[in-house]
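Observations on the three-dimensional arrangement
Below, each chain spelled out in residue letters.
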Amino acid sequence: MHRSEKVWLLLSFGMIIGFMLITGYQAFALGMGPPSHEERIDPQKVDETAPFDRPGITKIGENEYEVVMTLQIFSFTPNQIEVPAGSTVHFTLTSKDVVHGFQVADTNINAMVMPGYVQKISQKFEKPGEYLVLCNEYCGAGHQMMATTITVK
Amino acid sequence: MGIATEKLNVDRRDGRLVMAHFYVAFIALAVGGLAGLLQVLVRSGKFELPLGIGYYQVLTVHGVVLGLVLTTFFIMGFQIAAVSRTSGTLTNKQRVIGWIGFWLMTAGTIMAAVMILLNEATVLYTFYAPLQAHAIYYLGLTFVVVGSWFDGAAIILAYSKWRKAHPGTPSPLLTFMAVVNTLMWIVATIGVATTVLFQLLPWSLGLVDRVDVLLSRTLFWYFGHPLVYFWLLPAYMCWYAIIPKIIGGKIFSDSLARLSFILFLLFSIPVGFHHQLTEPGIDPAWKFLQVVLTFLVIIPSLMTAFSLFATFESFGRSRGARGLFGWVRELPWGDARFSVPFIGMLSFIPAGAGGIINASHQMNQVVHNTIWVTGHFHLTLATAVILTFFGISYWLVPHLTGRKLTKAMNKLAIIQGVLWAIGMTFMSGAMHAAGLLGAPRRSSFSEYGGAPQAAEWIPYQIAQAVGGSILFLAIILMLYIFINLAFFAPKGEQDFPVGEVADEAEKAPMVFENWKLWLGITVVLILFAYTIPLIDMIENAPIGSKGYKLW
């Protein structure tokens, strides 16, 4: 093997191991892993199953809110959310029909919402403004219309 | 010492089989390219589809026809040609198996295409259960996969025959590479075949009521990631084993090339969860494990990059080039067979870097399902791979049809490559940028109720339309060149270049062809990465979903 080949391989492995360590540390020590909630639900009985029988926003602490939301073609329920700046919002989500995506532009919120599963994701909203919420997984002819906003005051 | 090649030309009968594959591939390029043009125009917000055609219908055409049909037909055709050239003409039995494969794939393509055109299958090529397409769509795609297994069988049989006749000698590099890619393809397609045959088909026929959505997605992505390596490895075959001959140099290291292909076989399959990182119902530890395995598959690509540039540099220096980069000037830039794939190689540098970002676990959350991802695979598949396939066509098509690539066509081919690079810079660049701002992929034009954030994306969408239109011109040029080479170019002998190994390189050890060992490790890795999460998924499955037709 050439010397330069050895150097290149060493650098390659070093870089890759670095990536593994950093992503692993962030995911498990800092709790930054991607959304992976593991609760199941009957997709045809979402409306009768707590907490989705009462979708909406509840204040659960100082600057802390819980949003229970259902996704269905081609809308989000509830569809207008308002929180004060600096709040942390915990979303609990499920789908009543097909697979949807839950993405909030300019934040790290990005989660798949699948029928049969409850998904959870949290985000702290620091900056006031209107945040666009959209479905980012193809769900049918009206997919591009499936959107709402989160207002941070 | 070199390995004696039995025949320098691909036999005419094998050539006809290969060309049949190429005709379908280039028809697919025309149809899929047109669909792509329509998409970028719609998404610019300045154009609407006529006759009630839906955006998502066009998107399904684009994905199926370019992602599955063009690629599978071209790759199987190219691999058959490579095996026939380096391991000898196929036997009649092998060739018949190849033809059965071709017709099965063609019939399947027509079935799927009819269903898409009837608007019965607007579920994109990734299926998206519980969206439910017509059973004939699923059946058609099954035929495409099963047909590709027949093609694969012809390749493996031809290799076994060579293997038996030459004990103790490493097989020809191109044949070895085609066999690795075929084996990987067969192991990977088991996943998609399983979800189609046991879940989607019975469900779309009404034999069962419900489908397990997560299981179906998991089986799809078990196939969906090795699929991208199935596209990439034939390009690597060209880069490792053909380009050195075209520039007049030698293959840097035969063993390194074989080792990198074996690593692809081992690590491209147990990594599908990195397409499902933001999904519920999968344990985060298993997601991370597959992220680690995904990182390992970067290694063979970095080895490839080293090997290629080592080939280029040693060739340039053998011509007396001096200085750090003097060898660059020695490369045959005027030869489209080199320069067009070279554009592809360059594009793989940002493409690979983007891929590492996508695979990086939590960082994936920033880009998942945004148009960034679309920008990414238009650099990998739609530039690095496809420009290499075009580069192969420039000599392989005339080689098979007994014609010659003329100077005029060579010039046009270079223009085509440059046009592609310009169009893709606009389109993919704008896609990456808009994706970082949050613009979703697989979405028709939308102002999202006048949201200011969505308004920021529109200039990028116009840039995508400009880039996409330039790419469409490049596709027309490519089709013109293909038709010329297939039917009109002057008769003559066009060489099928096969690289020779550098004199100082060591002989490849026979352990590379210990398939029991490599397939064994492949299976162990797959079982390791998938068994526990799959059992968990099935044991704790929620009640399944009924089918929806929402388009």
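Residues numbered from 1 in each chain as written. Chains lettered and ligands numbered in written order. Predicted model: local features only at pLDDT ≥ 70, side-chain atom pairs only at ≥ 80, totals over all residues. Heavy atoms only, no water.

**Details of the packing of helix α1 (residues 12-43) of chain B against helix α3 (residues 92-117) of chain B**
Residue and element names in this part refer to chain B. One way to put it is that α1 packs onto α3 with a least axis distance of 10 Å and a crossing angle of 15 degrees. The angle between the axes of α1 and α3 places the two elements in the roughly parallel class. Handedness of the α1/α3 crossing: left-handed. Between α1 and α3, the contacting residues are Arg 13, Asp 14, Arg 16, Leu 17, Ala 20, His 21 and Val 24 on the first element and Asn 92, Arg 95, Gly 98, Trp 99, Phe 102, Met 105 and Thr 106 on the second. Looking at the contact of α1 with α3, its residues break down into 6 nonpolar, 4 polar and 4 charged. (Axes fitted to C-alpha atoms, helices over the stretch in contact; angles between N-to-C directions. Helix = DSSP H or I, 4+ residues; strand = E, 2+ residues; numbered from the N terminus. Parallel < 35°, antiparallel > 145°, perpendicular 65-115°, else oblique. Left-handed = near helix turned anticlockwise from the far one by under 90°. Contact = heavy atoms within 4.5 Å. Nonpolar A, V, L, I, M, F, W, Y, C, P; charged D, E, K, R; others polar.)

**As for the interface of chain A and chain B**
Taken residue by residue, the interface counts 64 residues in chain A and 70 residues in chain B. Across the chain A to chain B interface the summed buried area is about 5500 Å²; carbon plus sulfur atoms make up 64%. Linking B:Arg442 and A:Glu137 is a salt bridge whose minimum nitrogen-to-oxygen distance equals 3.0 Å. Put simply, chain A and chain B have 28 residue pairs in polar contact (both at pLDDT 80 or more) between them. Mapped by element, the contributors of at least two residues to the side of chain A that touches chain B are α1 (3-29), β8 (110-113), β9 (117-125) and β10 (129-134) of chain A. Class assignment of the residues belonging to the side of chain A that touches chain B gives a composition of 36 nonpolar, 19 polar and 9 charged. (Buried area = accessible area lost by both parts, 1.4 Å probe. Salt bridge = Lys/Arg side-chain N within 4 Å of Asp/Glu carboxyl O. Polar contact = N/O pair within 3.5 Å; in protein donor to acceptor, adjacent residues only side chain to side chain.)

**Some remarks on unusual backbone geometry**
Omega for the peptide link from A:Ile73 to A:Phe74 comes to -25 degrees, which places this bond in the cis form. Position of A:Phe74 among the secondary structure elements: in the loop between β3 (64-72) and β4 (75-77). Not every positive phi belongs to a glycine, and B:Tyr128 is a case in point at roughly 50 degrees. Mapping B:Tyr128 onto the fold places it in the loop between α3 and α4 (135-165). Judged by relative accessible area, which is 7%, B:Tyr128 ranks as buried. For B:His361, which is not glycine, the phi torsion reads 45 degrees and is therefore positive. Inspection of the secondary structure puts B:His361 in the loop between α11 (336-359) and α12 (364-367). When its relative accessible area of 1% is taken as the criterion, B:His361 is described as buried. (Buried < 20%, exposed > 50% of the residue type's maximum accessible area, 1.4 Å probe, protein only.)

**A word on the sheet that holds strand β11 (residues 147-152) of chain A**
Residues and elements named next belong to chain A. Taken together, 5 strands build an open sheet; the order of strands is β5-β11-β10-β7-β8 and the sheet is mixed. Every other strand in the sheet has two partners, leaving β5 (80-83) and β8 as the edge strands with one partner each. The mean inter-strand angle of the sheet, taken between neighbouring strand axes irrespective of direction, is 20 degrees. Pairing geometry for β10 and β11, over 6 bridges, is antiparallel. From the neighbouring strand, Val 133 faces β11, where its bridge partner is Thr 148. (Pairing = 2+ DSSP bridges.)

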